[in-house]
Amino acid sequence: MNRPVILVTGGNGQVGSELKVRAAEFSNFDFLFIDKQEVDLTDSGALHGFLSTHSINYIINCAAYTAVDQAEADIKNAQLVNQQVPGLLADYCREHAIRLMHLSTDYVFDGTGNTPIAETEQPNPLSVYGKTKLDGEREILDKLNNAYIIRTSWVYSSYGKNFVKTMLSLGENRKELDVVYDQIGTPTNANDLAGVILGIIQEIDAGNDSPGIYHYTNEGVASWYDFAVAIMNMASINCKVYPIPTSGFKTAAQRPTFSVLDKTKIKNQFKLQIPYWADSLEKTITLLRK
């Protein structure tokens, strides 16, 4: 009997790269990884051409336009990748009985509250990035009744560009840094997230199937300032980090003020023990400082 095949889009991104690392633990599946260099997902002909030549059981869509500030002026491309591509994938999955897992973001919320945000709360994105990601969710939900959407936040890893690597680089070259203290969320280790995604697929394959929207981040709460200070301390970098308000750091896109995601649903459904954000950060810092 052939093993189920998992296709990962955005295979060279942070989560895609960590899925490659974690794939070895899930030897009961075969994996295909593609990125925009191999297949232009925004081209329906190219996408269908690729998909039709492979026997695929699951698709994990990690492809996303994640340049939050750039998206404010590049609306068309943000829509193509964050809204149109999920719609195209959902169409194909519906037609060919493929299960779709899609990554979304805390930026679908405005973050005006002060308690962890549950999946049932009303989205209200403040940015083009957040709006296009929400539109992508809706494309999927309109077309599929068995998709999984996992919203996450503040993703980092040893791969690609991210806040951790930026802070390490700046910290090595500067004596001091200003980082905002009044945006609150949870850093998420992409390796942890990858393990959860593959674990859920394994659960689906075993019959524990409960599609819908889920929230996943590491445990705990931090500001970007807290995050930066932890990075410097763990890496033993002598760079002073100063807290500043959002008003002191102008960006093109507006960010949610409080976007801590409530993980009760995913923990209960899949019996997860989720690592604390600082513990996972320490592992990544150790990896990056080797």
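In what follows, the structure referred to is the one given above.
These remarks concern the structure in this document.

1. Here's the deal with unusual backbone geometry
Backbone geometry places serine 236, a non-glycine residue, at a positive phi of 55°. Looking at where serine 236 falls in the secondary structure, it is placed in the loop between helix H7 (224-234) and strand S12 (240-244). By relative accessible area, serine 236 is classed as exposed at 65%. In this structure, lysine 271 is a non-glycine residue whose phi angle is positive, near 50°. Looking at the secondary structure, you find lysine 271 in the loop between helix H8 (264-270) and helix H9 (277-288). Owing to a relative accessible area of 67%, lysine 271 belongs among the exposed residues under this scheme.

2. Considerations on the nonpolar core
Of all hydrophobic cores here, the largest spans 28 residues; its most connected members are Ile60 and Ile200. For this core, the secondary structure elements donating two or more residues are strand S1 (5-9), helix H1 (14-23), strand S3 (58-61), strand S4 (99-105), strand S5 (148-152), helix H6 (190-205) and H8. A per-element tally of this core places H6 first, with nine residues. Residue contacts for isoleucine 60: discarding those within four places in its chain leaves Ile6, Leu7, Val8, Thr9, Leu19, Met101, Ile197, Leu198 and Ile201. In this structure, Val179, Met232, Ile237 and Ile244 belong to the second largest nonpolar core, which totals 25 residues.

3. Focus: the pairing of S4
Burial analysis of S4 places seven of its seven residues in the buried class, which makes it a mostly covered element. Across the two faces of S4 the burial is the same, with Arg99, Met101, Leu103 and Thr105 and Leu100, His102 and Ser104 all buried. The handedness of the S3 to S4 crossover, carried by helix H3 (residues 75-96), is right-handed. You can see the chain leave S4, run along helix H4 (residues 128-143) and come back into S5, and the turn it takes is right-handed.

4. Describing the sheet that holds strand S10 (residues 212-215)
In sheet architecture, strand pairing relies on hydrogen bonds along the backbone and comes in two forms, parallel and antiparallel. Taken in spatial order, the six strands of this open sheet run S2-S1-S3-S4-S5-S10, and their pairing is parallel. Where the open sheet ends on each side, the last strands, each with one partner, are strand S2 (30-34) and S10. This sheet shows a mean twist of 20° between the axes of neighbouring strands, independent of strand direction. Two elements, S1 and S2, share five bridges in a ladder whose sense is parallel. Among the inter-strand pairings, valine 5 is bridged to a residue of S2, identified as aspartate 30. Each of S1, S2, S3 and S4 is contacted by H1, which is oriented at about 155° to S2, the strand it contacts most. Of the strands in this sheet, S4, S5 and S10 are in contact with H4, which crosses S4 at around 160°.

5. Quick word on the pattern of salt bridges
Inspection of every chain in the model, using the stated rule, returns twelve salt bridges. Among the salt bridges present, the one from lysine 143 reaches aspartate 91, with a minimum N-O distance of 3.3 Å. One end of the pair, lysine 143, is in helix H4; the other, aspartate 91, is in helix H3, and 52 residues separate them in sequence. Among the residues examined, lysine 143 registers a relative accessible area of 23% and is labelled partly exposed. In the salt-bridge network here, residues are joined through shared partners; they are Asp91, Arg94, Glu139 and Lys143.

6. Comments concerning empty space enclosed by the protein
One water molecule sets the probe size; rolling that probe over the atoms shows where empty space is left. The final tally for this structure, using the stated rule, is one cavity of 30 Å³ or more. Approximately 40 Å³ is the volume attributed to the largest cavity. Lining the largest cavity, in full, are Asp106, Tyr107, Trp154, Gln183, Trp224, Arg255, Pro256 and Ser259. A breakdown of the residues in the lining of the largest cavity according to their chemical character gives four nonpolar, two polar and two charged.

Reading the values: the criteria
- Residues numbered from 1 in each chain as written.
- Predicted model: local features only at pLDDT ≥ 70, side-chain atom pairs only at ≥ 80, totals over all residues.
- Heavy atoms only, no water.
- Helix = DSSP H or I, 4+ residues; strand = E, 2+ residues; numbered from the N terminus.
- Buried < 20%, exposed > 50% of the residue type's maximum accessible area, 1.4 Å probe, protein only.
- Core = buried A, V, L, I, M, F, W, Y, C linked by side-chain atoms within 4.5 Å.
- Contact = heavy atoms within 4.5 Å.
- Right-handed = clockwise from strand over helix to strand, strands pointing away.
- Pairing = 2+ DSSP bridges.
- Axes fitted to C-alpha atoms, helices over the stretch in contact; angles between N-to-C directions.
- Salt bridge = Lys/Arg side-chain N within 4 Å of Asp/Glu carboxyl O.
- 1 Å grid on protein atoms, 1.4 Å probe; cavity = no way out; pocket = protein on both sides within 12 Å on 5 of 7 lines; lining within 4 Å.
- Points joined across faces, edges and corners; volume = space filled by probe spheres on them.
- Nonpolar A, V, L, I, M, F, W, Y, C, P; charged D, E, K, R; others polar.

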